[in-house]
Amino acid sequence: MNKTQKQKEVIKRFLTFVNEAFPQYEMDDCGDGGRITFSPIDGTSDDVIEFQRSRLDLCVLNWASDQAKQDCMIMEGVLIIIQNEIGRAHV
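In this text the structure is predicted, and so the values were computed from the model without any measurement.

A. Structural detail: the overall build of the protein. When you go through the protein residue by residue, the secondary structure sums to 2 helices and 4 strands. Walking the protein from its N terminus toward its C terminus, one meets helices and strands in the order α-β-β-β-β-α. The globule rule puts the C-alpha radius of gyration for 91 residues at 12 Å, and the 13 Å found for the protein is close to it. Overall, the protein is about 40 × 25 × 25 Å in size when its C-alpha atoms are taken along their principal axes. Within the protein, the fraction of its 91 residues that count as buried is 33%. Contacts in the protein between residues far apart in sequence, at least 24 positions, make up 38% of those at least 6 positions apart. Here the protein displays about 5,600 Å² of accessible surface, and carbon together with sulfur accounts for 50% of that area. Between the averaged position of the 10 positive side-chain charges in the protein and that of its 15 negative side-chain charges there is a distance of 12 Å.

B. Inspection of the nonpolar core at higher detail. Core analysis: the biggest nonpolar cluster contains 21 residues, and Phe14, Phe38, Phe51, Leu58 and Met75 have the highest contact counts within it. Broken down by secondary-structure element, the contributors of at least two residues to this core are helix H1 (3-21), strand E2 (35-40), strand E3 (49-52) and helix H2 (66-86). Considering every element that reaches this core, the biggest residue donor is H2, with 7 residues.

C. A look at the sheet that holds strand E4 (residues 57-60). Strand order across the open sheet formed by 4 strands is E1-E2-E3-E4, with antiparallel pairing between neighbours. If you trace the sheet from one side to the other, it starts and ends with strand E1 (25-29) and E4, each paired once. Taken over all neighbouring pairs, the strand axes of this sheet differ in orientation by 20 degrees on average, direction set aside. In the sheet, E2 pairs with E3 via 4 bridges, with the strands oriented antiparallel. Following the sheet pairing, Arg35 is matched in E3 by Gln52. Lying over the sheet, H1 contacts E1, E2, E3 and E4, oriented at roughly 10 degrees with respect to E2. Sitting on the sheet, H2 touches E1, E2, E3 and E4, and the angle it makes with E4 is about 175 degrees.

What counts, and where the lines are drawn
- Note on numbering: residues in each chain are counted from 1, in written sequence order.
- It should be noted that, the model being predicted, local features are given only for residues of pLDDT at least 70 and side-chain atom pairs only at 80 or more, the latter also being counted only at that level, while totals for whole chains, interfaces and linings use all residues.
- Side-chain metrics in this entry use all non-hydrogen atoms of the structure; hydrogen atoms and water are not considered.
- The way it works is that DSSP assigns letters per residue, a run of H or I at least four long becomes a helix, a run of E at least two long becomes a strand, and they are numbered from the N terminus.
- C-alpha atoms define the radius of gyration, and 2.2 Å times the number of residues to the power 0.38 defines the globule rule.
- Under the scheme applied here, a residue whose accessible area is under 20% of the maximum for its type counts as buried, over 50% as exposed, and between as partly exposed, the area being computed with a 1.4 Å probe on protein chains only.
- Residue contacts are defined here by distance: any two heavy atoms, one from each residue, within 4.5 Å place the two residues in contact.
- For the accessible areas, the method is Shrake-Rupley and the probe is 1.4 Å, while residue cover comes only from the protein chains on display.
- Charged residues are defined here as Lys and Arg on the positive side and Asp and Glu on the negative side; His and the ends of the chain fall outside this count.
- By convention, the point assigned to a charge is CZ for Arg, NZ for Lys, CD for Glu and CG for Asp.
- Working definition of a nonpolar core: buried Ala, Val, Leu, Ile, Met, Phe, Trp, Tyr and Cys residues. They are joined through side-chain atoms within 4.5 Å.
- When DSSP finds two or more bridges between two strands, those strands count as paired.
- Structural elements are reduced to axes, namely lines fitted to C-alpha atoms, with helices fitted over the stretch in contact, and the angle between N-to-C directions of any two is expressed from 0 to 180 degrees.

Take a look at the structure:
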């Protein structure tokens, strides 16, 4: 499996995990192919978690709720596990 294939597999598995484990978030592909946002259905725009496909990286605002920050940490942990299972898809 080459680097691009690994990265696509990491993204696919990660998005499947988030979709199943965090039904309280609505997934939105921002249309540019590089970013996906996870918006809480009953939250505010401050609680949006952003996923950068190219860097396989997550971020949440410093002033987001504690719940959003905790959810982001869980997502980051699973993302690392998936990357390790597949074999570090990014540089």
